[in-house]
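Descriptive analysis of the structure
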Amino acid sequence: MSCPVTIFKHGRMHPTLPDKSSDAESGPAQAALRHEWVAEIVRPLKPIFLEVIAVSLFVNILALCAPIFTLQVYDRVVFSGGLTTLQGLVIGMILVAAFDFVLRQVRARILQTVALRVDVVVGTRLFEKLMALPLRTLETKPAAFWQLLFRDVEVVRNTLSGASAVLVADLPFALLFLVLIFILATPLGFVLLVVMPIFGFLAWYSARAQQKAAKREKRTLSGRDTLISEMIQGRSTIKALALDDRMRPLWEERTAASIEEAIMRGTKNDTHVNLSASLTMMTNVTLTTVGALFIVAHEMTMGALIASNMLMGRLLGPLNQLVGSWKTYLGFRQSVERLGDIFIAPEELKESRIDLGRPKGELGCEGLTFRYAKDAAPTLDSVNMKVSPGGITAVVGPNGSGKTTLLKVLMGLYPCDSGRVTLDGADIAQFTRRELATWMGYVPQECVLFSGSIRDNIAQGTADASDEQILRASRQAGVHPFIIDLPDGYGTLVGEGGGILSGGQRQRLVLARALVGDPPVLLLDEPSSNLDRRAEEDLARNLIELAKDHTIVMVTHSPVLLSVSNRVVALDKGHILAAGPSSEILPRLFGRPAAAPQPQTPPPAPTTPTPTARGAA
Ligand code: ADP
């Protein structure tokens, strides 16, 4: 197979999320981008929202009937004893109530459709985005942040389809009530014209105060959520080391901070809501007083005053709600911005520019430099190496020398700052994550399994894995005998995170998952860290077999695995200290050849080659 030359080089950079707390800081263009996605979601929903507005129009017109009914009862029935009129009016109002109920039901149904669409569209978009984000981006925020995003989807859904949407639809029709008050009792209309701007000011002031308080509360809440998620993840360590006394002050401190902020924000909100309730009461008193004066002067009827009072309630209701709704609105805005930041974050490559076919497995690094943070010292500094197809390359070095990072960069999980990684001579930056995952099997240090059966977990390594592939991979990983020994065999449920299995069993299952798609390259990070000596020797033998037609690069400190390596790369502080055949490098590094694996009883079957220091291809 011919090795395609590098098609292009990326201008590489650290993919991070915009960490802006306000639009002003991030600039108007950035702010617009953060909000653009909501417009995209709402645009197709426009016809549905128009339906909601149309229904709201009729609901509000019907709402005018109750005050008119009262007006008629006071002015035409009570004073003139017109019982027939009363009968007609009551029948009319029953019809109005029935029609009002139907319309409200229709509006609720329509809004349910909005909720469903928003849930599906935003939820799917968020999920796909999370899957497409580079690992470095995912690592820049704590787990609690990513969990919060799914709550943000709920906030967006509830705001676009809940009480706030109804309020927004109802608000313009408040004018209808004002017009009717002007028609029935003009002086009272003027009273309300004076009061309404005061409500407007209160709503605006409340919004400003809430915004500041909400930002502070968000900061404290995220600190508390991070602690909770760490405590949940590290629950066995907390138990084992009896860390509850250490955790309690931390928990109390962060909870107290978040409670304090919540109380402060709640107090402010309550003050504004209560102010608006008092304002409503005073408006009522003023309206009734002014009305009474006009009634005494025979310029207004009793019915007009009572009807106007009722209309005032309908008019001020949405305005009152508006003051209290800022909390919802601000929550919505924050959720939209948080989601917006994610939606505009750069993604990994989705489509490949070239079809490489199955690579032979020649790996290379040219001047590879990588740093975790822009201004930090490089974790890998000008690393040059070439791994020809087949064989086992062991990466050794002290803790923190960059071995795991090197594997992740080779795997394309982290983009390099400068230099490049090549597979069969082609820069891996031009390949998609899916392609790289198909060509390179990766066994990380932390062996994560997902709830489900053993079969499901192994099959995750490749789409539509057949039973044959799963069995082959399990045998290669040395995990098949253990699986068939279980009562439910490959159907055994592994529990949350593979909790029912031992560390060694999990590690071998993860190896089987990496092998199931038969990738030409295998990157193994301490693959025997949880294995006993016997399992380690089995693994060494299996690796020798695999190395005949797979390129294996493994980080290891195990003498058993080192003894079956062909090449060694020694790292120190991100630099290559030494690289070459194991026979040369290992004695230089350790002063003596690494011990060959000593098979335990029973000895390996005669057909199985015993690993030797240079037994690999
Ligand atoms: P090794 O595998 O050789 O023990 P690593 O590659 O894990 O070393 O780490 C190399 C250096 O990079 C260490 O100093 C470590 O602190 C740092 N490092 C590792 N992972 C991260 C990370 N996600 N963010 C920031 N620094 C990291």
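This one's a predicted model, so the numbers in the text were calculated from it and none came from an experiment.

1. Topic: the overall build of the protein chain
A tally of helices and strands in the protein chain yields 22 helices and 10 strands. At 35 Å, the protein chain has a C-alpha radius of gyration far larger than the 25 Å of a compact globule built from 617 residues. C-alpha extents for the protein chain along the principal axes are approximately 115 × 55 × 50 Å. Counting over 617 residues, the protein chain shows a buried share of 46%. Restricting the contact set of the protein chain to residue pairs at least 6 apart, pairs at least 24 apart contribute 78%. With the model as given, the accessible surface of the protein chain reaches about 30400 Å², and the carbon-plus-sulfur share is 61%.

2. Side note on the packing of aromatic side chains
According to the stated counting rule, one finds nine aromatic pairs in the structure shown. Note on Phe145 and Trp146: the rings are 5.0 Å apart at their centroids and 85° apart in plane angle, and the pair reads as edge-to-face. For the residue pair Phe145 and Trp146, the accessibility class agrees, reading buried in each case. An aromatic cluster is defined as three or more aromatic residues linked by ring pairs; in this entry it consists of Phe201, Trp204 and Tyr205. One Lys or Arg, Arg125, reaches over the ring of Phe343 and ends 4.6 Å from the middle of that ring. Its end group placed over the ring of Tyr414, Arg136 keeps NZ or CZ at 5.6 Å from the ring centre.

3. What to know about the site of the ligand
Every residue lining the ligand is accounted for by Arg136, Glu139, Tyr372, Thr379, Pro398, Asn399, Gly400, Ser401, Gly402, Lys403, Thr404 and Thr405. A distance of 3.2 Å is found between a nitrogen atom of the ligand and a side-chain nitrogen or oxygen belonging to Tyr372. Thr404 places a polar side-chain atom, nitrogen or oxygen, 2.8 Å from an oxygen atom of the ligand. Coverage of the ligand by the protein amounts to 57% of the 560 Å² it exposes when considered alone. For the shell around the ligand, the secondary-structure elements that each account for two or more residues are helix 6 (135-139) and helix 14 (403-410). Ranked by residue count, the leading element in the shell around the ligand is helix 14, at three residues. Broken down by class, the residue content of the shell around the ligand amounts to two nonpolar, seven polar and three charged.

4. A look at helix 19 (residues 503-515)
Helix length check: helix 19, at 13 residues, gives a terminal C-alpha distance of 18 Å against a target of 18 Å (1.5 Å per residue), a fit within 8%. Along helix 19, 10 of the 13 residues are buried, which leaves the element largely enclosed by surrounding structure. Those residues of helix 19 that fall on the buried side of the exposure criterion are Gly504, Gln507, Arg508, Leu509, Val510, Leu511, Ala512, Arg513, Ala514 and Leu515. Taken together, the buried residues of helix 19 touch strand 6 (440-443), helix 16 (454-459), helix 17 (467-476), helix 18 (480-484), strand 7 (521-525) and helix 20 (533-546).

5. Things to note about the pattern of salt bridges
Pairing between side chains of opposite charge can happen when the charged atoms of each approach one another. With the rule as written, the count across this model stands at 19 salt bridges. Of the charged contacts, one joins Glu36 and Arg43 as a salt bridge, the two residues approaching to 3.7 Å between their closest N and O atoms. Salt-bridge contacts for Glu537 lead to Arg533; the nearest nitrogen and oxygen are separated by 3.2 Å. One end of the pair is Glu537 and the other is Arg533, both in helix 20 and four residues apart, which spans about a single turn. Each of Arg34, Arg333, Glu337 and Asp341 takes part in salt bridges that share partners, so that together they form one network.

6. Describing the confidence of the model for the protein chain
Of all residues in the protein chain, 91% attain a pLDDT of 70 or more, and the chain-wide mean is 84. Low confidence marks residues 1-15, where pLDDT is under 50. Its contacts with residues over four positions away, or in another chain, come to 43 contacts. Counted against residues more than four places away or in other chains, residues 19-25, with its pLDDT under 50, gives 13 contacts.

7. What to know about the pairing of strand 6
The side chains of a regular strand alternate between the sheet's two faces. Every second residue of strand 6 is oriented toward a common face, with Met440 and Tyr442 on one face and Gly441 and Val443 on the other, all of them buried. The pairing of strand 6 with strand 7 spans four bridges and is classified as parallel. Within strand 7, the residue paired with Val443 across the bridge is Leu524.

8. Overview of a nonpolar patch on the surface
On the surface, a nonpolar cluster with roughly 400 Å² of combined accessible area is contributed by Tyr74, Val78, Phe79 and Met302. As for its placement among the helices and strands, Val78 is situated in helix 4 (residues 65-78).

9. Topic: the pairing of strand 7
Strand 7 sits mainly inside the fold: five of its five residues count as buried. Because side chains alternate across strand 7, one face comprises the buried residues Val521, Leu523 and Asp525, and the other comprises Leu522 and Leu524, equally buried. The pairing of strand 7 with strand 8 (residues 551-555) spans five bridges and is parallel. Looking across to strand 8, one finds that Leu523 is bridged to Val553. Handedness of the crossover joining strand 7 and strand 8 through helix 20: right-handed.

10. Considering the sheet that holds strand 1 (residues 363-370)
Taken together, the four strands give an open sheet; going across it, the order is 2-1-4-5, and neighbouring strands pair in antiparallel fashion. A strand with exactly one partner marks an edge of an open sheet, and here the two such strands are strand 2 (380-387) and strand 5 (426-427). As paired elements, strand 4 (residues 418-423) and strand 5 share two bridges and run antiparallel to each other. Bridge pairing links Thr422 to Asp427 in strand 5.

11. Concerning the domain arrangement of the protein chain
In terms of domains, the protein chain is made up of domain 1 (28-343) and domain 2 (390-409 + 441-590). A separation of 55 Å is found between the C-alpha centroids of domain 1 and domain 2.

Thresholds, definitions, all that
Residues numbered from 1 in each chain as written. Predicted model: local features only at pLDDT ≥ 70, side-chain atom pairs only at ≥ 80, totals over all residues. Heavy atoms only, no water. Helix = DSSP H or I, 4+ residues; strand = E, 2+ residues; numbered from the N terminus. Rg over C-alpha atoms; globule rule 2.2 N^0.38 Å. Buried < 20%, exposed > 50% of the residue type's maximum accessible area, 1.4 Å probe, protein only. Contact = heavy atoms within 4.5 Å. Areas by Shrake-Rupley, 256 points an atom, 1.4 Å probe, with all protein chains shown as cover. Phe/Tyr/Trp six-rings, centres within 6.5 Å; stacked < 30°, edge-to-face > 60°. Lys NZ or Arg CZ within 6 Å of the ring centre and 35° of its normal. Near = heavy atom within 4 Å. Polar contact = N/O pair within 3.5 Å; in protein donor to acceptor, adjacent residues only side chain to side chain. Nonpolar A, V, L, I, M, F, W, Y, C, P; charged D, E, K, R; others polar. Expected span 1.5 Å × (residues − 1). Salt bridge = Lys/Arg side-chain N within 4 Å of Asp/Glu carboxyl O. pLDDT = per-residue confidence, 0-100. Pairing = 2+ DSSP bridges. Patch = residues over 30% accessible without salt bridge, like charges linked within 9 Å, V, L, I, M, F, W, Y side chains within 5 Å. Right-handed = clockwise from strand over helix to strand, strands pointing away. Domains from an automatic or database assignment.

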